[in-house]
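For reference, the chains in residue letters:
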Amino acid sequence: MNNFFFGIYPYIALSVMIFGSIARYERDPFTWKSSSSQLLRRKQLVLGSILFHVGVLTILVGHVAGLLTPVWIIDALGIGHAFKQVVAMTVGGIAGVMALIGGGMLFHRRWTDPRIRKTSSVADIGILGLLLLQLLLGVSTIFASARHLDGHEMLKFMHWAQGILTFRPDAAAQIADVALIFKLHIVCGLTIFLLFPFTRLVHMLSVPVRYFWRPGYQIVRSRRTTPLPSHSDAEIARAKVASAKAAPAGPRAPSLAE
Ligand code: HEM
């Protein structure tokens with residue numbers, strides 16, 4: 001059981017996430033979007049979205065740095081394991097509560113506004129619910145971590161995560177004896193990875209960072225009165241006749257009685 005969830009499931013989840021995302025991008029590029037509902041209702045979105053995104057992004061950066069930095073680098077930098085544990089709990093805890101409040105607002109908005117509810121898919125509501133559950137489980141791990149303030153439990157998670165990424169066969173054994181709350185949190189996190197390509201979470205891979213360095217440009221309406229060279233006079237005349245025929249009868253159009 002432990003070997004399946006922490007030795008095999010991580011590879012299933014990561015493979016589906018990577019290859020599923022590539023397949024979706026190739027097959028359905030027009031579904032690759034955040035599906036913003038800002039046009040339907042702005043209320044609750046701005047504050048909820050900021051709290052949620054700042055919280056989750058802080059947690060994700062913390063998780064990647066905290067779990068994947070090799071232990072010898074942490075030691076070479078002179079960062080104590082107990083110190084690292086307390087920083088993870090404090091910064092992660094504050095970010096987790098922020099994300100929970102923001103995510104709760106976003107969920108409430110999506111669930112109670114009839115227009116947003118109607119335009120939400122099962123995946124939209126489901127993934128937000130799953131993220132909230134994951135945040136709840138994550139914040140709950142803090143109480144278990146508080147019993148291991150020397151940081152030795154955290155080392156097990158680092159060995160596990162780095163073991164998975166380096167294909168070590170004994171990776172799952174590293175966390176065989178940790179508290180259940182950690183295991184539930186990790187399985188739920190892996191399930192989010194697994195579902196990633198089938199949800200709006202894919203927009204994370206398209207952060208528009210290019211806006212920061214793209215050359216500025218401005219779209220202006222041309223004042224040109226002469227026709228573009230690529231159109232012949234005959235084509236333009238035909239287009240004018242067609243648009244005159246298609247134009248709705250206005251006050252200046254001759255009526256049938258005339
Ligand atoms: C497979 C992916 C994930 C793994 C392996 C993982 C692992 C962990 C571990 C080991 C801890 C305890 C850290 C410690 O105190 O020693 C933790 C804490 C936490 N996690 Fe995750 N996590 C994952 C995904 C997520 C996601 C997606 C979220 C948020 C949406 C999240 C939110 C939290 C929070 C709020 C905490 C408590 C604060 C902290 O210690 O940083 N985790 N996670």
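Basis of the calculations
- Residues numbered from 1 in each chain as written.
- Predicted model: local features only at pLDDT ≥ 70, side-chain atom pairs only at ≥ 80, totals over all residues.
- Helix = DSSP H or I, 4+ residues; strand = E, 2+ residues; numbered from the N terminus.
- Buried ≥ 20, exposed ≤ 12 C-beta atoms within 10 Å, placed from the backbone.
- Contact = placed C-beta atoms within 7 Å.
- UniProt positions renumbered as here; feature names shortened; annotations may be inferred.
- Near = placed C-beta within 6 Å.
- Nonpolar A, V, L, I, M, F, W, Y, C, P; charged D, E, K, R; others polar.
- Core = buried A, V, L, I, M, F, W, Y, C linked by C-beta atoms within 7 Å.
- Expected span 1.5 Å × (residues − 1).
- Axes fitted to C-alpha atoms, helices over the stretch in contact; angles between N-to-C directions.
- Parallel < 35°, antiparallel > 145°, perpendicular 65-115°, else oblique.
- pLDDT = per-residue confidence, 0-100.
- Left-handed = near helix turned anticlockwise from the far one by under 90°.

**Student:** Any chance you could explain the overall build of the protein chain here in plain terms?
**Tutor:** Per the secondary structure count, the protein chain includes 9 helices and 0 strands. Its helices and strands taken in sequence order, the protein chain reads α-α-α-α-α-α-α-α-α from the N to the C terminus. When burial is assessed residue by residue, the protein chain has 17% of its 258 residues classed as buried. Look at the contacts in the protein chain between residues 6 or more apart in sequence, and 83% of them connect residues 24 or more apart.

**Student:** What is the right way to read the UniProt feature "transmembrane region" (unreviewed entry) in the protein chain from this model?
**Tutor:** In this numbering, the UniProt entry assigns the feature "transmembrane region" (unreviewed entry) to residues 6-25, 45-74, 86-107, 127-146 and 175-196. Between the C-alpha atoms that bound residues 86-107 the distance is 30 Å, and the span itself is 100% helix and 0% strand. Counting secondary structure, residues 127-146 comes out at 95% helix and 0% strand; the distance between its end C-alpha atoms is 29 Å.

**Student:** How do you make sense of the site of the ligand when you look at a structure like this?
**Tutor:** Within the structure, the ligand sits among 26 residues, and G92, G96, G138, S145 and G189 are positioned closest to it. Breaking the shell around the ligand down by element, the ones donating at least two residues are helix 2 (45-68), helix 4 (81-112), helix 6 (122-145), helix 7 (152-165) and helix 8 (180-195). Sort the elements by how many residues they give to the shell around the ligand and helix 6 lands first, with 8 residues. Broken down by class, the residue content of the shell around the ligand amounts to 14 nonpolar, 12 polar and no charged.

**Student:** In this structure, what is going on with unusual backbone geometry? I would like to understand it.
**Tutor:** Generally, phi is negative for residues other than glycine and the peptide bonds are trans, each holding for most cases. Not every positive phi belongs to a glycine, and F167 is a case in point at roughly 55 degrees. The topology assignment puts F167 in the loop between helix 7 and helix 8. We classify F167 as exposed; it has 8 C-beta atoms within 10 Å.

**Student:** What am I meant to see in the nonpolar core here?
**Tutor:** Within soluble globular proteins, side chains that are nonpolar tend to cluster in buried spots. By size, the foremost hydrophobic cluster in this structure holds 12 residues: F6, A88, M154, F157, M158, W160, A161, A171, A172, I175, F182 and I186. Mapped by element, the contributors of at least two residues to this core are helix 7 and helix 8. Apart from the residues lying within four places of it in its own chain, the contact partners of F182 are T141 and A144. Core analysis: the next-biggest nonpolar cluster, separate from the first, contains 11 residues, F52, I59, A95 and L131 among them.

**Student:** How should helix 7 be read in this particular structure?
**Tutor:** Because an α-helix completes one turn every 3.6 residues, residues spaced three or four positions apart along the sequence face the same direction. Its 14 residues place the ends of helix 7 21 Å apart at the C-alpha level, agreeing with the 20 Å of an ideal helix rising 1.5 Å per residue. Looking only at helix 7, the buried set comprises E153, M154, F157, M158, W160, A161 and G163. Against the buried residues of helix 7 lie helix 1 (2-27), helix 2, helix 3 (71-76), helix 4 and helix 6. F167 sits one or two positions beyond helix 7 and adopts a positive phi of about 55 degrees.

**Student:** Explain the packing of helix 4 against helix 7 here, please?
**Tutor:** When two helices pack together, their arrangement is given by the angle between the helix axes and by the axis-to-axis distance. Two numbers describe how helix 4 lies on helix 7: the axes approach to 9 Å, and their chain directions differ by 80 degrees. When the interaxial angle is binned, helix 4 and helix 7 end up roughly perpendicular. Across the interface between the two elements, H81, K84, Q85 and A88 of helix 4 pack against H152, M154 and L155 of helix 7. Taken together, the residues of the contact of helix 4 with helix 7 sort by class into 3 nonpolar, 3 polar and 1 charged.

**Student:** Would you mind going over the confidence of the model for the protein chain with me for this structure?
**Tutor:** For residues with low pLDDT, the predicted coordinates do not support detailed interpretation. Mean pLDDT over the protein chain: 89, with 90% of residues reaching 70 or higher. Mean pLDDT values over the elements of the protein chain span from 81, in helix 9 (residues 233-246), up to 98, in helix 8.

**Student:** Quick question: what am I supposed to make of the packing of helix 6 against helix 8 here?
**Tutor:** Following both chains from N to C, one finds helix 6 and helix 8 inclined at 155 degrees, their axes separated by 9 Å at the closest point. Here helix 6 is positioned roughly antiparallel relative to helix 8, judged by the angle of their axes. Regarding helix 6 and helix 8, the two cross each other, and that crossing is left-handed. For the pair helix 6 and helix 8, contact is made by I127, L130, L131, L133, Q134, L137, G138, S140, T141 and A144 and by I181, F182, L184, H185, C188, G189, I192 and L195, respectively. Residue composition of the contact of helix 6 with helix 8, grouped by class: 12 nonpolar, 6 polar and no charged.

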